Amino acid sequence: QKEVEQDPGPLSVPEGAIVSLNCTYSNSAFQYFMWYRQYSRKGPELLMYTYSSGNKEDGRFTAQVDKSSKYISLFIRDSQPSDSATYLCAMRAPNFGNEKLTFGTGTRLTIIP
Amino acid sequence: DSGVTQTPKHLITATGQRVTLRCSPRSGDLSVYWYQQSLDQGLQFLIQYYNGEERAKGNILERFSAQQFPDLHSELNLSSLELGDSALYFCASSLREDTEAFFGQGTRLTVV
């Protein structure tokens, strides 16, 4: 079993819909959680960076962490065609640095105009 | 633009050859990470440097090596290339080892 599980999709939703992307993890030591957006053949772009549990909002994006369920989510409101990309979750424990970042395999999202 | 610069963007080479990939981190970032991304493997951590010193190794093959120079740019050397080395190679940088990591646009390596 992988430490981080992420549904690869593909996920297709109509423009304007709310998108929910999720990751589950097994390592209870993980405390830092990130979401990256990766356009085709481009580098991952950091979208959200959160610590421990709770919600964090940035524009149309909301990151949610539920440590009791070992489950993290990224919500995209008013989705746009430009949101079409692969979304990667990543996480690590507090006593380690980025060399121990564990990535999900990514969910491919397509927003249909 | 993340501020991390990688060159070249594309590289096509033959099996058995050696190539060098270059990474310039964001201004002020001391830590550099190299990753390999292939279709069936996702992002695989290769190696990390911090302020010129090697700090951590991941799943890096013995045919691969890296270094970080005094000006903090880094190079990843891939030798005796095989078809299976074809992948996207990303560099990321962070101010410290426990702060956010930002990725470059990658080098697409094709071994023929």
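I will try to describe carefully the structure that is included in this document. Since this is a predicted model, take the numbers as computed values, not measurements.

All names here are of chain A. Along the chain, R37 turns up in strand β4 (residues 32–38). On the accessibility criterion, R37 (12% relative accessible area) is buried. Along the primary structure R37 and G106 are separated by 69 residues, whereas in three dimensions their C-alpha atoms are 9.0 Å apart. Contact partners of R37, with chain neighbours within four places excluded, come to G43, P44, E45, L47, F61, D83, A85, T86 and Y87. Looking at R37, its side chain comes within polar contact range of the side chain of Y39, at 3.4 Å.

Below, the discussion takes up the layout of surface pockets. For the largest pocket, the calculated volume is near 1200 Å³. Those elements that provide at least two residues to the lining of the largest pocket are β9 (85–92) and β10 (102–103) of chain A together with β4 (31–38), β5 (42–50), β6 (53–57), β9 (87–94) and β11 (107–111) of chain B. Classifying every residue of the lining of the largest pocket gives 19 nonpolar, 17 polar and 10 charged. Computed from the structure, the second largest pocket encloses a volume of approximately 180 Å³. Forming the walls of the second largest pocket are 13 residues, and the residues nearest its centre are G43(A), E45(A), D1(B), S2(B) and Q105(B). For the lining of the second largest pocket, the secondary structure elements donating two or more residues are β4 and β5 (45–51) of chain A together with β10 (102–103) of chain B. For the lining of the second largest pocket, a count of residues per class yields 5 nonpolar, 4 polar and 4 charged.

What counts, and where the lines are drawn
For every chain, the first residue of the written sequence is number 1, and numbering continues from 1 along that sequence. Chain letters start at A and ligand numbers start at 1, both assigned in the order the entries are written. Only residues with pLDDT of at least 70 are given local features in this predicted model, and only at 80 or more are side-chain atom pairs given and counted; all residues enter the totals for whole chains, interfaces and linings. Side-chain descriptors were evaluated using all non-hydrogen atoms of the structure, hydrogens and water having been removed beforehand. A run of DSSP states H or I qualifies as a helix once it reaches four residues; a run of E qualifies as a strand once it reaches two. Both are numbered from the N-terminal end. Buried means the residue's accessible area, taken with a 1.4 Å probe over protein chains only, is under 20% of the maximum for its type, while exposed means over 50%, and partly exposed covers the values in between. Two residues form a contact once any of their heavy atoms are found within 4.5 Å. Two N or O atoms count as a polar contact when they lie within 3.5 Å, although within protein this holds only if one can serve as hydrogen donor and the other as acceptor, and sequence-adjacent residues are included solely when both atoms are side-chain atoms. Definitions used for this entry: grid spacing 1 Å over protein atoms alone; cavity, a set of points where a 1.4 Å probe fits but cannot get out; pocket, an open set with protein on both sides within 12 Å along at least 5 of 7 lines; lining residue, one with an atom within 4 Å of a point. Grid points are joined across faces, edges and corners, and a volume is the space filled by probe spheres set on the points. Under this grouping Gly is polar, as are all residues other than the nonpolar Ala, Val, Leu, Ile, Met, Phe, Trp, Tyr, Cys and Pro and the charged Asp, Glu, Lys and Arg.

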